[in-house]
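The chain contents come next:
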Amino acid sequence: MDIRNIDYIIIEPMIIDNDEFIGKSVQEVQMDYFAKDLIYKYEYKYFYETIGISKSRNDFNTLILFQMNSSIIASAILRTVMPFPEEYKLNFPEYSNNNGCYILKEKSVLIFNPIMKEELRGMIKGFKDFTRRQKYRKFEVDIEKLNKRINDNTYQQKVIR
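About the thresholds
- Residues numbered from 1 in each chain as written.
- Predicted model: local features only at pLDDT ≥ 70, side-chain atom pairs only at ≥ 80, totals over all residues.
- Heavy atoms only, no water.
- Buried < 20%, exposed > 50% of the residue type's maximum accessible area, 1.4 Å probe, protein only.
- Helix = DSSP H or I, 4+ residues; strand = E, 2+ residues; numbered from the N terminus.
- Pairing = 2+ DSSP bridges.
- Salt bridge = Lys/Arg side-chain N within 4 Å of Asp/Glu carboxyl O.
- Contact = heavy atoms within 4.5 Å.

Draft legend 1. Highlighting the pairing of strand β1 (residues 8-13). Counting buried positions over the six residues of β1 gives five, a clear majority of the element. Strand direction decides the pairing type here: β1 and strand β3 (residues 62-68), joined by six bridges, are parallel. Looking at the pairing, I11 lines up with L65 of β3. Where β1 lies against strand β7 (residues 134-137), four bridges are found, and the strand directions are antiparallel. When the sheet's bridge partners are listed, I11 is paired in β7 with Q134.

Pasting the structure below:
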């Protein structure tokens, strides 16, 4: 997947105390969640518990880098953001802990050898550490280096489903 036309990059910290991730290694989350559940069970919807990304007309040009245990473990292209109104959460109790979801572009999910923060510092201008959700414009990112890293890695698997 070529990401050179992306306008924004967002680092999205994953909620590690989520039932889907508790006690799982990075590789287990990559294979069980990103390669299976995200696609088949949730139909490319990534649910968030806190405030999500601001919905804007630039949604289609955003790459999400999913962060777990101080590393980037997967990526996907954002299709749109769907915040959940309170009445939705009341009508669907299974979503009561979620404030919305990111709807991801089909066939855009990639998993790869984790990108550690030291390596990410060489790709994103101003990046210091993983703390909270972070948004960067394309000009702040060495897009060629990031594109090569997520696409040319020996462990990289494109999730095509």
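Draft legend 2. Examining the pattern of salt bridges more closely. All told, the structure shown has seven salt bridges when counted by the stated rule. D2 is the partner of R4 in a salt bridge, and the nearest nitrogen-oxygen pair spans 2.6 Å. The shortest N-O distance in the salt bridge between R133 and E12 comes to 2.6 Å. Linking R133 in the loop between α3 (117-121) and β7 with E12 in strand β1, this pair joins segments that are 121 residues apart in sequence. Given a relative accessible area of 25%, R133 falls into the partly exposed group. Each of D2, R4 and E144 takes part in salt bridges that share partners, so that together they form one network.

Draft legend 3. The arrangement of the environment of F47 in detail. Turning to its location among the elements, F47 is positioned in strand β2 (residues 45-48). In the structure, F47 is positioned 53 residues away from G100 in sequence and 5.8 Å away in space, judged by C-alpha atoms. Aside from chain neighbours lying at most four places away, what touches F47 is Y42, F84, Y95, N98, G100 and C101.

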